[in-house]
Amino acid sequence: MRRCGVGFVLVVLMSAQLPAAEVSVEAIEKLPAVQRAEEFFLRESGWILQQQIRITSIAAPPFEEEERARYLEEQFRTLGLENVRRDTIGNVLGERPGSDPEHIVLIAAHVDTVFPRGTEIEVRREGNRWIAPGIADNGAGLAALLALIAAAQESQLRTRATLLFVANVGEEGEGNLRGMKELFADSALRRRVRAVIVIDGSNAERLTSKALGSNRFQVIIRGPGGHSWADFGLPNPIQALARIITRMTAVQIPTQPRTSFNVGEIHGGTAVNAVPYWASLKVDIRSEMESEIERLEYALRQAVAEGLAEENAAARTQGAPLEAEIRSLGRRPAGELPPTARILEVFRAVDQHLGIETNIQRSSTDANIPISLGIEAVAVGGGGRSGASHSLREWYDPTGRELGLKRILLSLILLAGVEE
Ligand SMILES: [Zn+2]
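What this report covers is the structure whose coordinates are included nearby.

Reading the values: the criteria
Residues numbered from 1 in each chain as written. Predicted model: local features only at pLDDT ≥ 70, side-chain atom pairs only at ≥ 80, totals over all residues. Heavy atoms only, no water. Buried < 20%, exposed > 50% of the residue type's maximum accessible area, 1.4 Å probe, protein only. Helix = DSSP H or I, 4+ residues; strand = E, 2+ residues; numbered from the N terminus. Pairing = 2+ DSSP bridges. Polar contact = N/O pair within 3.5 Å; in protein donor to acceptor, adjacent residues only side chain to side chain. Contact = heavy atoms within 4.5 Å. Core = buried A, V, L, I, M, F, W, Y, C linked by side-chain atoms within 4.5 Å. Axes fitted to C-alpha atoms, helices over the stretch in contact; angles between N-to-C directions. Expected span 1.5 Å × (residues − 1). Salt bridge = Lys/Arg side-chain N within 4 Å of Asp/Glu carboxyl O.

Next up on the list: the pairing of strand S7 (residues 193–199). The buried fraction of S7 is high, at six of seven residues. As defined by bridge partners, strand S3 (residues 100–110) adjoins S7 across five bridges and the pair is classed as parallel. Among the inter-strand pairings, isoleucine 107 is bridged to a residue of S7, identified as isoleucine 197.

This part takes up the side chain of threonine 162. Turning to its location among the elements, threonine 162 is positioned in strand S6 (residues 161–168). A relative accessible area of 3% places threonine 162 in the buried class. A distance of 3.0 Å separates the side chain of threonine 162 from the backbone nitrogen of glycine 98, its partner in a polar contact. Setting aside residues up to four positions removed in sequence, threonine 162 forms contacts with Glu95, Arg96, Pro97, Gly98, Asp100, Pro101, His103, Ile104 and Val105.

On to the nonpolar core. Grouped together as the largest cluster of nonpolar side chains are 88 residues, with contacts concentrated most on Phe76 and Leu106. The biggest single contributor to this core is helix H6 (residues 139–155), with eleven residues. Counting 20 residues, the second-largest nonpolar core is a separate cluster that includes Ala240, Leu281, Val283 and Ala303.

Attention shifts here to the sheet that holds strand S5 (residues 129–131). Ordered in space as S4-S5-S19-S18, the four strands form an open sheet in which the pairing is antiparallel. If you trace the sheet from one side to the other, it starts and ends with strand S4 (124–126) and strand S18 (385–387), each paired once. Geometrically, the sheet is characterised by an average inter-axis angle of 25° between neighbouring strands, direction not taken into account.

Here we come to helix H11 (residues 342–354). Between its first and last C-alpha, H11 extends 18 Å over 13 residues, near the 18 Å set by a 1.5 Å rise per residue. By the burial criterion, the buried members of H11 are Arg342, Ile343, Leu344, Val346, Phe347, Ala349, Val350, Asp351 and Leu354. Positioned one or two residues after H11, glycine 355 has a phi angle of 75°, which is positive.

This part covers the pattern of salt bridges. Two side chains of opposite charge can pair, provided their charged atoms sit close to one another. Summed over the entire model, instances satisfying the criterion amount to 31 salt bridges. For arginine 70, the salt bridge is made with glutamate 66, and the minimal N-O distance between the two is 3.8 Å. Taken together, the positions of arginine 70 and glutamate 66, both in helix H5 (residues 66–78) and four residues apart, correspond to about one turn of that helix. For arginine 77, the salt bridge goes to glutamate 73, with nearest N and O atoms at 2.8 Å. One end of the pair, arginine 77, and the other, glutamate 73, are both in helix H5, four residues apart, so they sit about a helical turn from each other. According to the relative accessible area criterion, arginine 77 is partly exposed, its value standing at 47%. Overlapping salt bridges bring together Glu66, Arg70, Glu73, Arg77 and Arg86 as one network.

Below, the structure is given as structure tokens:
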């Protein structure tokens with residue numbers, strides 16, 4: 001890293017849109033406000049952990065995030081954010097106004113967990129590990145969000161861009177990124193957001209800049225149904241599914257871009273001696289490229305139409321024909337930041353400065369939404385270590401958490417610009 005004098009620092013810091021390569025992380029780190037913020041992470045590590053335990057203890061099953069969201073809203077207010085509010089879908093928003101309110105850097109962590117209502121969530125300790133479902137995903141992310149807010153407030157950090165902090169709903173599974181989708185449906189906000197940092201889980205090396213897209217469907221076939229002997233020859237929904245699946249498995253799946261197709265569930269029928277009156281299957285389509293997801297969706301619809309027509313045409317008994325319904329189970333857009341994206345330059349520079357080996361990943365996160373809209377976004381961990389994610393044995397170890405927090409703080413300052 002280049003060392004530089006105060007004059008250089010001022011020039012750089014006054015120009016929020018300069019390419020990151022010209023910005024020295026060292027220079028940023030010397031600013032008194034940044035030093036105070038970094039000290040905060042170490043000094044208040046106990047407070048940060050207590051917040052994480054408190055948040056984790058409030059159940060937040062998919063579509064039932066309200067109680068935890070209310071707690072976070074209260075914390076946003078206590079920490080002194082402005083314009084704290086909950087939007088119609090349940091996202092909690094709070095702002096730290098910058099000197100240039102036309103620009104926003106958005107920092108988000110999801111509120112929901114994968115665990116259903118009634119899951120035992122008492123947080124237990126085993127040595128350095130804290131164990132509870134959701135303690136890391138996303139207890140660690142939400143604790144990091146509060147830590148960043150508190151550190152920025154206490155250090156009186158003054159940024160150029162406004163910092164918009166969001167605790168969003170609906171990241172996991174069937175939540176289908178609905179919190180992020182709602183947020184970015186607002187065109188006024190979309191125009192002002194310059195960068196998005198999503199904090200999810202722990203792990204300070206992680207940098208997800210590639211959005212894995214997916215599309216999921218349920219195909220339901222319904223028909224008259226009847227007796228296996230007396231009504232033999234009626235069109236059969238299970239046989240129709242077999243014809244559909246045979247067609248789908250014949251579709252070419254590329255390895256580049258990496259793409260997958262899976263029939264993951266199949267249900268239907270009532271008895272061995274009955275022609276079923278319904279049957280259904282569930283399909284999961286994933287790809288690195290949006291056009292492949294669309295191509296496979298088209299292939300699925302065609303397979304359903306053809307398989308159904310074939311089964312109906314094969315009927316030997318008069319009766320109502322089979323009908324098909326295709327239900328969407330959730331859509332997550334694919335996308336990828338260009339390697340020259342400013343947010344990647346910033347994180348690479350910060351990681352180099354902190355001695356972190358950047359681990360670029362592709363996965364499905366809240367960052368999918370802004371990335372698919374052409375807005376620079378990454379998902380990162382909030383620091384510390386964790387394991388057994390999405391299980392009852394999920395654990396979190398806060399050792400070294402301050403490194404992950406420092407990494408996010410320095411990156412967001414570089415992205416937002418600072419007034420000193
Ligand atoms: Zn998560």
